[in-house]
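Residue-level listing of the chains:
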Amino acid sequence: MSELLRIENLSAGYGEAVVLHDVAFALGEGQTLALLGRNGTGKTTLINTLAGATRQHGGSISLGGQPLHKLAPHLRAAAGIGWVPQERNIFKSLTVHENLTAVERPGKWNPQRVYEMFPRLAERKTNLGTQLSGGEQQMLAVGRALVLNPKLLLLDEPLEGLAPIIVEELLRAIRRITQDEGLAAIIVEQHPQAILAISDEAVVLDHGTIVHTDSAAALRSQPQVLDRLLGVAR
Ligand SMILES: Nc1ncnc2c1ncn2[C@@H]1O[C@H](COP(=O)(O)OP(=O)(O)OP(=O)(O)O)[C@@H](O)[C@H]1O
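For the structure given in this document, a descriptive report is provided here.

Rules of the game
- Residues numbered from 1 in each chain as written.
- Predicted model: local features only at pLDDT ≥ 70, side-chain atom pairs only at ≥ 80, totals over all residues.
- Helix = DSSP H or I, 4+ residues; strand = E, 2+ residues; numbered from the N terminus.
- Rg over C-alpha atoms; globule rule 2.2 N^0.38 Å.
- Buried ≥ 20, exposed ≤ 12 C-beta atoms within 10 Å, placed from the backbone.
- Contact = placed C-beta atoms within 7 Å.
- Pairing = 2+ DSSP bridges.
- Axes fitted to C-alpha atoms, helices over the stretch in contact; angles between N-to-C directions.
- Expected span 1.5 Å × (residues − 1).
- Near = placed C-beta within 6 Å.

### A short note on the overall build of the chain
Moving on, step 1. Tallying secondary structure elements over the chain gives 10 helices and 10 strands in all.
Moving on, step 2. Computed over the C-alpha atoms, the radius of gyration of the chain is 17 Å, within 12% of the 17 Å expected from 2.2 N^0.38 for a compact globule of 234 residues.
Moving on, step 3. Within the chain, the fraction of its 234 residues that count as buried is 42%.
Moving on, step 4. The long-range share in the chain, meaning contacts at least 24 apart out of those at least 6 apart in sequence, stands at 67%.

### Some thoughts on unusual backbone geometry
For residues other than glycine, phi is negative in most cases, and the peptide bonds are mostly trans.
Moving on, step 1. Unusually for a residue other than glycine, asparagine 9 sits at a positive phi of about 45°.
Moving on, step 2. Assignment of secondary structure puts asparagine 9 in strand β1 (residues 3–14).
Moving on, step 3. The residue arginine 88 is not glycine, and still its phi comes out positive at about 70°.
Moving on, step 4. Its place among the elements puts arginine 88 in the loop between β6 (81–84) and α3 (96–103).
Moving on, step 5. Arginine 88 gets classed as buried once you count the C-beta atoms within 10 Å, which come to 20.

### Regarding the environment of asparagine 48
Moving on, step 1. Looking at the secondary structure, you find asparagine 48 in helix α1 (residues 43–51).
Moving on, step 2. A residue is classified by how many C-beta atoms lie within 10 Å of it, and asparagine 48, with 21 of them, is buried.
Moving on, step 3. Taking the C-alpha atoms as reference, asparagine 48 lies 24 Å from valine 96; in sequence the two are 48 residues apart.
Moving on, step 4. Sequence-distant contacts of asparagine 48, that is, excluding residues within four places in its chain, are made with Ala53 and Thr54.

### Some thoughts on the sheet that holds strand β3 (residues 32–36)
Moving on, step 1. If you walk across this open sheet you meet the 6 strands as β6-β7-β8-β3-β9-β10, and the pairing is mixed. Each edge of the sheet is formed by a strand with only one pairing partner; in this case those strands are β6 and β10 (209–215). When the angles between neighbouring strand axes are averaged without regard to direction, this sheet yields 15°.
Moving on, step 2. As defined by bridge partners, strand β9 (residues 201–206) adjoins β10 across 6 bridges and the pair is classed as antiparallel.

### Here's the deal with helix α6 (residues 134–146)
Moving on, step 1. Taking 1.5 Å per residue, 13 residues should reach 18 Å; α6 reaches 18 Å between its end C-alpha atoms and fits that length.
Moving on, step 2. The element α6 is extensively covered by neighbouring structure, given that 11 of its 13 residues are classed as buried.
Moving on, step 3. When α6 is considered as a whole, its buried residues turn out to be Glu136, Gln137, Gln138, Met139, Leu140, Ala141, Val142, Gly143, Arg144, Ala145 and Leu146.

### Considerations on the pairing of strand β8 (residues 184–188)
Moving on, step 1. Burial analysis of β8 places 5 of its 5 residues in the buried class, which makes it a mostly covered element.
Moving on, step 2. Burial of β8 is two-sided: the residues Ala184, Ile186 and Val188 facing one way and the residues Ala185 and Ile187 facing the other way are all buried.
Moving on, step 3. Bridge count for β3 against β8 is 4 bridges, and the pairing is parallel. Note that in β8 the partner of threonine 32 across the bridge is alanine 185.
Moving on, step 4. By the bridge criterion, 5 bridges tie strand β7 (residues 152–156) to β8 in an arrangement that is parallel. Note that in β8 the partner of leucine 153 across the bridge is alanine 185.

### Here we look at the site of the ligand
Moving on, step 1. Near the ligand you find Tyr14, Ala17, Val19, Gly37, Asn39, Gly40, Thr41, Gly42, Lys43, Thr44 and Thr45, and these make up its full shell.
Moving on, step 2. Within the residue set of the shell around the ligand, elements represented by two or more residues are β2 (17–28) and α1.

See below:
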């Protein structure tokens, strides 16, 4: 398996404030990484740093051998980072279809394939972003990242605040995207069991540093370790 992402000695934050300290890990092509940790430990900051939306103070990030450090967020998208931020950030004044076609880049993912995966979006094709439920917005945010045809998908709490039936639908889609279609992904989630079940690797952050790295299967099978790392019995 060849390497896709390499992070070394990374420190990053907001303005002068440094939130992440000496973060380092690598991810192979087609691998899925669960990024876990208590509230406020830096998970979103790490995702945002990969996407280019924070201030990098030191260290390096490379994707497929290309350094990302100096690239603005839109150039990171072009370099292969598909970002689904916590706030979803869909274009609310555009229709579902326009949200997808506005950012589409050539590759195997196109709006038609997104509609096949999320039939609800196909039914809502001509609806504006403002007219979508939270679950539909999340599906659209995932679809919009996919039609960029990224090398690496970043999903920041994709299941947060959604009804159980929608959670199931999104989990099925994420499994299909990562396991069946082989797209590499980093997934942040508060409820780790569901994500560990579909991930290859796991990294746990605390106070902005990595405190545990293991295979997802090994971490999943040790509830007492998860309990210690995340603070609540899962
Ligand atoms: N825009 C910002 N400006 C300054 N500090 C911030 C900003 N966003 C987050 N922080 C700080 O960075 C730290 C890490 O926050 P972050 O949102 O990355 O954690 P998280 O692990 O994703 O938490 P959660 O699970 O609650 O989303 C926190 O101390 C937070 O207060």
